[in-house]
Amino acid sequence: MEQPKNYLIDMDGVLVRGREPIHGASKFISLLQERDAKYLVLTNNPMYSQADLAYRLRIIGLNIPPANIFTSAMATAQFLNSQRPGGAAFAIGESGLTSALHAIGYIITDHNPDYVVLGETLAYNFEQIAKAVRLINAGARFIATNPDPTGPTEAGVVPACGAMAALIEKSTGRAPFFVGKPCPLMMRFAMNYLGVHSQNTIMVGDRMDTDIIAGMQAGMDTILVFSGLAQREDLKAYPYIPTRTLDSVGDIEV
């Protein structure tokens with residue numbers, strides 16, 4: 001039997017839309033598991049832990065183990081551990097970020113931290129933002145989990161990490177280093193986590209400006225699906241193209 005390909009799979013717009021699974025997503029995941037293909041669900045959302053996201057997926061019919069989920073918070077923690085092991089950070093975010101930082105032995109503090117780490121939360125606090133500005137001005141390095149300017153909620157679009165990072169950058173004159181997609185570093189961390197090589201790995205996503213370019217820059221083949229944000233007519237706006245385009249993950253032959 002041909003060696004199965006490995007897959008990095010975006011979540012929103014590829015496997016789920018809001019609180020509903022996308023048609024064919026459950027079949028696709030089942031085929032991956034039946035063929036013992038290695039795969040990771042890759043998300044820029046840093047708010048939730050692997051277990052939290054696995055539970056959210058399971059209750060809508062997608063049985064994905066926590067170990068098969070990789071978030072921008074986890075990638076950010078790996079980056080910090082590679083730069084300054086055992087450091088300290090002032091973190092703005094939810095448990096998905098703080099648990100990832102604690103897992104690498106980081107101290108979360110506002111007393112002379114090495115880094116200010118900006119994630120996402122549905123309750124951004126002005127005092128937290130002001131404190132981040134003061135700490136960065138005092139010398140803390142500025143890291144952000146992902147560059148997404150907005151995020152979806154049941155109530156509609158809300159400002160996300162990229163928007164809040166822009167506010168802090170404007171106040172400090174210091175640009176953050178974004179770890180999440182489209183940074184190819186996140187793809188490298190994900191492949192290392194999965195134990196695979198780019199030559200035998202495919203990135204599946206619904207956005208040209210994050211998923212596809214990140215996969216391409218990391219040396220992977222890419223599949224763009226039209227079940228999320230991307231439309232076929234959008235392709236001509238980009239100077240690069242995906243390896244393949246499909247309507248949804250249900251059309252992928254594993």
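Everything numeric in this text was worked out from a predicted model, so none of it was measured.

Novice: Please clarify how the packing of helix H3 (residues 72–83) against helix H4 (residues 95–103) should be interpreted in this entry.
Specialist: Helices that pack against each other are described as a pair by the angle of their axes relative to one another and the distance between those axes. For the pair H3 and H4, interaxial distance at closest approach is 9 Å and the crossing angle is 30°. Considering the angle they form, H3 stands roughly parallel to H4. The chirality of how H3 crosses H4 is right-handed. Counted together, Ala 73, Met 74, Ala 77 and Leu 80 of H3 and Gly 96, Leu 97, Ala 100 and Leu 101 of H4 form the full contact between these two elements. Residue composition of the contact of H3 with H4, grouped by class: seven nonpolar, one polar and no charged.

Novice: When you look at the state of the cysteines in this model, what are you seeing that I'm missing?
Specialist: In a disulfide, the sulfur atoms of two cysteines are covalently bonded to one another. Taken as a whole and assessed by the stated rule, the structure comprises zero disulfides. No disulfide involves Cys 161; its nearest neighbouring cysteine sulfur is the one of Cys 183, lying 13 Å away. Take Cys 183: its relative accessible area is 14%, and that puts it in the buried class.

Novice: Would you mind going over helix H1 (residues 25–34) with me for this structure?
Specialist: Every α-helical turn comprises 3.6 residues, leaving residues that sit three or four positions apart pointing alike. Regarding H1, the residues found buried are Ala 25, Phe 28, Ile 29 and Leu 32. Down the axis, H1 shows its buried residues gathered within 95° of arc, on one side only. In H1, the exposed positions angled more than 90 degrees off the buried face are occupied by Lys 27 and Glu 34. Here the buried face of H1 lies against strand E1 (6–10) and strand E4 (39–43). Immediately downstream of H1, the backbone of Asp 36 shows phi near 55°, a positive value.

Novice: Quick question: what am I supposed to make of the packing of aromatic side chains here?
Specialist: Aromatic ring pairs are reported here in terms of the distance separating the ring centres and the angle at which the planes meet. Considering all chains together, one arrives at four aromatic pairs under this definition. Aromatic side chains Tyr 7 and Phe 28 sit 5.7 Å apart centroid to centroid with 90° between the ring planes, which places their arrangement in the edge-to-face category. Taken together, the residues Tyr 7 in strand E1 and Phe 28 in helix H1 connect sequence positions 21 residues apart. A relative accessible area of 1% means that Phe 28 is categorised as buried. Just above the ring of Tyr 48 sits the side chain of Arg 56; from NZ or CZ to the centre is 4.0 Å.

Novice: Is there a simple way to explain the environment of Pro 46 in this structure?
Specialist: Mapped onto the fold, Pro 46 is located in the loop between E4 and helix H2 (50–58). Residue class for Pro 46 comes out buried when judged on its relative accessible area of 1%. In sequence terms Pro 46 and Gly 119 are 73 residues apart; their C-alpha atoms lie 6.2 Å from each other. In this view, Pro 46 contacts Ser 72, Ala 73, Gly 96, Leu 97, Gly 119, Glu 120, Thr 145 and Asn 146; residues no more than four positions away in its chain are not counted.

Novice: Explain the pairing of strand E8 (residues 115–118) here, please?
Specialist: Across a regular strand the side chains alternate sides, sitting on one face of the sheet and then on the other. Every second residue of E8 is oriented toward a common face, with Tyr 115 and Val 117 on one face and Val 116 and Leu 118 on the other, all of them buried. Note: strand E6 (residues 88–92) against E8, four bridges, orientation parallel. Paired with Phe 90 across the bridge in E8 is Val 116. Looking at chain direction, E8 and strand E9 (residues 141–144) are connected through four bridges and run parallel. Residue pairing across strands places Val 117 opposite Ile 143, the latter belonging to E9. Handedness of the crossover joining E8 and E9 through helix H5 (residues 126–137) is recorded here as right-handed.

Definitions and cut-offs
- Residues numbered from 1 in each chain as written.
- Predicted model: local features only at pLDDT ≥ 70, side-chain atom pairs only at ≥ 80, totals over all residues.
- Heavy atoms only, no water.
- Axes fitted to C-alpha atoms, helices over the stretch in contact; angles between N-to-C directions.
- Helix = DSSP H or I, 4+ residues; strand = E, 2+ residues; numbered from the N terminus.
- Parallel < 35°, antiparallel > 145°, perpendicular 65-115°, else oblique.
- Left-handed = near helix turned anticlockwise from the far one by under 90°.
- Contact = heavy atoms within 4.5 Å.
- Nonpolar A, V, L, I, M, F, W, Y, C, P; charged D, E, K, R; others polar.
- Disulfide = S-S within 2.5 Å.
- Buried < 20%, exposed > 50% of the residue type's maximum accessible area, 1.4 Å probe, protein only.
- Arc of directions from axis to C-beta.
- Phe/Tyr/Trp six-rings, centres within 6.5 Å; stacked < 30°, edge-to-face > 60°.
- Lys NZ or Arg CZ within 6 Å of the ring centre and 35° of its normal.
- Pairing = 2+ DSSP bridges.
- Right-handed = clockwise from strand over helix to strand, strands pointing away.

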